[in-house]
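Chain by chain, the residues run as shown.
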Amino acid sequence: QVQLVESGGGLVQPGGSLRLTCAPSTTVFTVDTMGWYRQAPGKQREWIATIDTPGHTTYLNSVEGRFTISRDVRRNTVYLQMNSLKPEDTAVYFCTANLLHFERDQWRDYWGQGTQVTVSS
């Protein structure tokens, strides 16, 4: 069973920065698109950013210019660099990946367990 493991969340003051990291918990055959979502208290889960295998990126308008998604293809790891953080960025952040666990598997979407990001003074 593949799990995505996130790290890097925490408490930061407004204007500060955090870097989130996410990778599969076990060896996988190959990974296609990877991305990040977030869910604030009382709100629906919200897409933030996506990166494909060649490295093309797309962002939610409200984070573009502040957040940067990147990946290490060899390590199947995705990162989210978050700068100029605002209180409204407070949420649980989830990573997702579309991957093949083994060569003859089916493509599936996997999710991490989430990491809390709190922006507060």
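Structural notes on the overall build of the protein chain
Here's step 1: Helix and strand content of the protein chain: 0 helices and 11 strands.
Here's step 2: Walking the protein chain from its N terminus toward its C terminus, one meets helices and strands in the order β-β-β-β-β-β-β-β-β-β-β.
Here's step 3: In terms of overall dimensions, the protein chain has a C-alpha envelope of 50 × 25 × 25 Å along the principal axes.
Here's step 4: In the protein chain, buried positions account for 43% of the 121 residues.
Here's step 5: Put simply, of all contacts in the protein chain between residues at least 6 apart along the chain, 55% involve residues at least 24 apart.
Here's step 6: Accessible area of the protein chain: about 6,700 Å², with a carbon and sulfur share of 45%.
Here's step 7: Put simply, the protein chain has 11 plus and 11 minus side-chain charges, and the middle of one group is 4 Å from the middle of the other.

Overview of the layout of surface pockets
Here's step 1: For the largest pocket, the calculated volume is near 190 Å³.
Here's step 2: Looking at the largest pocket, it is lined by 13 residues, and the ones nearest its centre are Arg 38, Ala 40, Lys 43, Glu 46 and Glu 88.
Here's step 3: Residues of the lining of the largest pocket, tallied by class, amount to 2 nonpolar, 4 polar and 7 charged.

Focus on the environment of Thr 30
Here's step 1: Positionally, Thr 30 belongs in strand 4 (residues 30-39).
Here's step 2: We classify Thr 30 as partly exposed; its relative accessible area is 28%.
Here's step 3: Sequence separation between Thr 30 and Val 73 is 43 residues; the distance between their C-alpha atoms is 9.2 Å.
Here's step 4: If sequence neighbours within four positions are ignored, Thr 30 has contacts with Leu 99, Leu 100 and Trp 107.

Scoring rules and cut-offs
- Residues numbered from 1 in each chain as written.
- Predicted model: local features only at pLDDT ≥ 70, side-chain atom pairs only at ≥ 80, totals over all residues.
- Heavy atoms only, no water.
- Helix = DSSP H or I, 4+ residues; strand = E, 2+ residues; numbered from the N terminus.
- Buried < 20%, exposed > 50% of the residue type's maximum accessible area, 1.4 Å probe, protein only.
- Contact = heavy atoms within 4.5 Å.
- Areas by Shrake-Rupley, 256 points an atom, 1.4 Å probe, with all protein chains shown as cover.
- Lys, Arg positive; Asp, Glu negative; His and termini not counted.
- Charge placed at Lys NZ, Arg CZ, Asp CG, Glu CD.
- 1 Å grid on protein atoms, 1.4 Å probe; cavity = no way out; pocket = protein on both sides within 12 Å on 5 of 7 lines; lining within 4 Å.
- Points joined across faces, edges and corners; volume = space filled by probe spheres on them.
- Nonpolar A, V, L, I, M, F, W, Y, C, P; charged D, E, K, R; others polar.

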